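The residues making up each chain are set out below.
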Amino acid sequence: AFDYGDGKTGTDTIHIYDVKGTYTVTLSATDANGCTVTATQNVTVTDSPVITKYTITVPAAIVGGSISPSGVLEYEEGETATFTVTPEDGYMIDKVKVNGEPITVGTDGRFSFTVDGNKAISVSFKEIPIPTYTITATAGNNGSIYPMDEVEVAEGKSVKFVFMPETGYEVADVLVDGVSKGAITSYTFPKTTTGTHTISVTFKKTPPENYTEDENG
């Protein structure tokens, strides 16, 4: 049995003292033959440390991505809080703020800070800009090309050019990036085309239709 030194005894190995101070704890044990052995140990009791807890509010629903963990979270003062920001496909991290102040996010989307008060985290995402390329379209005399001039096309998109000769004329040749495509009536740049390109068309007079005179004519 234990004599906890504060006027209380018992058999529990855990004891709560009402007042801080130094106490002499005595343990007595008696075997089957009636022999008793005692041991003493001084213990010092201090005030229990006060654990301060704070809340961190993290948005659960964000357009373009997410942050984990989310919700209203509870941390102890001095604890390290770690979060991971993950954009959806087609988006990138725009801004991450803690109590309105920007915070640096690692290339892996993670950031951490030491908890020293209540915090509110805000996260925003933005769409990843789609690269564009320019096709310069020109037409010679006696006809036109549509679309024409400098045409901006998003990467991964195709674009079709149509050649329209004036009355009495026809397409003579079409050059795409300087390479002849022949006398075609339209040309489509395929998807995923990147870089700067040119397309030009020239026209010529339509030759008269051949005819054969009648033997009696």
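### Things to note about the overall build of the protein
Part 1 of the argument: In terms of regular secondary structure, the protein is built from zero helices and 20 strands.
Part 2 of the argument: Taking 217 residues into account, the globule formula puts the C-alpha radius of gyration at 17 Å, and the protein, at 42 Å, lies well above it.
Part 3 of the argument: By principal-axis analysis of the C-alpha atoms, the protein measures approximately 150 × 45 × 25 Å.
Part 4 of the argument: Expressed as a percentage of its 217 residues, the buried residues of the protein come to 24%.
Part 5 of the argument: Within the protein, counting contacts between residues at least 6 apart in sequence, those at least 24 apart form 49% of the total.
Part 6 of the argument: Per element, the accessible surface of the protein, about 14,700 Å² overall, is 50% carbon and sulfur.
Part 7 of the argument: Placing the 14 positive and 29 negative side-chain charges of the protein at their respective mean positions leaves the two points 3 Å apart.

### What to know about the pattern of salt bridges
Part 1 of the argument: Counted under the stated rule, the structure contains five salt bridges.
Part 2 of the argument: Taking the shortest distance from any N to any O, the salt bridge between D116 and K119 comes out at 2.8 Å.
Part 3 of the argument: Take D116: its relative accessible area is 52%, and that puts it in the exposed class.
Part 4 of the argument: In this structure, the salt-bridge partner of K204 is E170, at a minimum N-O distance of 3.8 Å. Here K204, found in strand 20 (residues 197–205), pairs with E170, found in strand 17 (residues 169–176); they are 34 residues apart in sequence, far enough to count as distant.

What counts as what
Residues numbered from 1 in each chain as written. Predicted model: local features only at pLDDT ≥ 70, side-chain atom pairs only at ≥ 80, totals over all residues. Heavy atoms only, no water. Helix = DSSP H or I, 4+ residues; strand = E, 2+ residues; numbered from the N terminus. Rg over C-alpha atoms; globule rule 2.2 N^0.38 Å. Buried < 20%, exposed > 50% of the residue type's maximum accessible area, 1.4 Å probe, protein only. Contact = heavy atoms within 4.5 Å. Areas by Shrake-Rupley, 256 points an atom, 1.4 Å probe, with all protein chains shown as cover. Lys, Arg positive; Asp, Glu negative; His and termini not counted. Charge placed at Lys NZ, Arg CZ, Asp CG, Glu CD. Salt bridge = Lys/Arg side-chain N within 4 Å of Asp/Glu carboxyl O.

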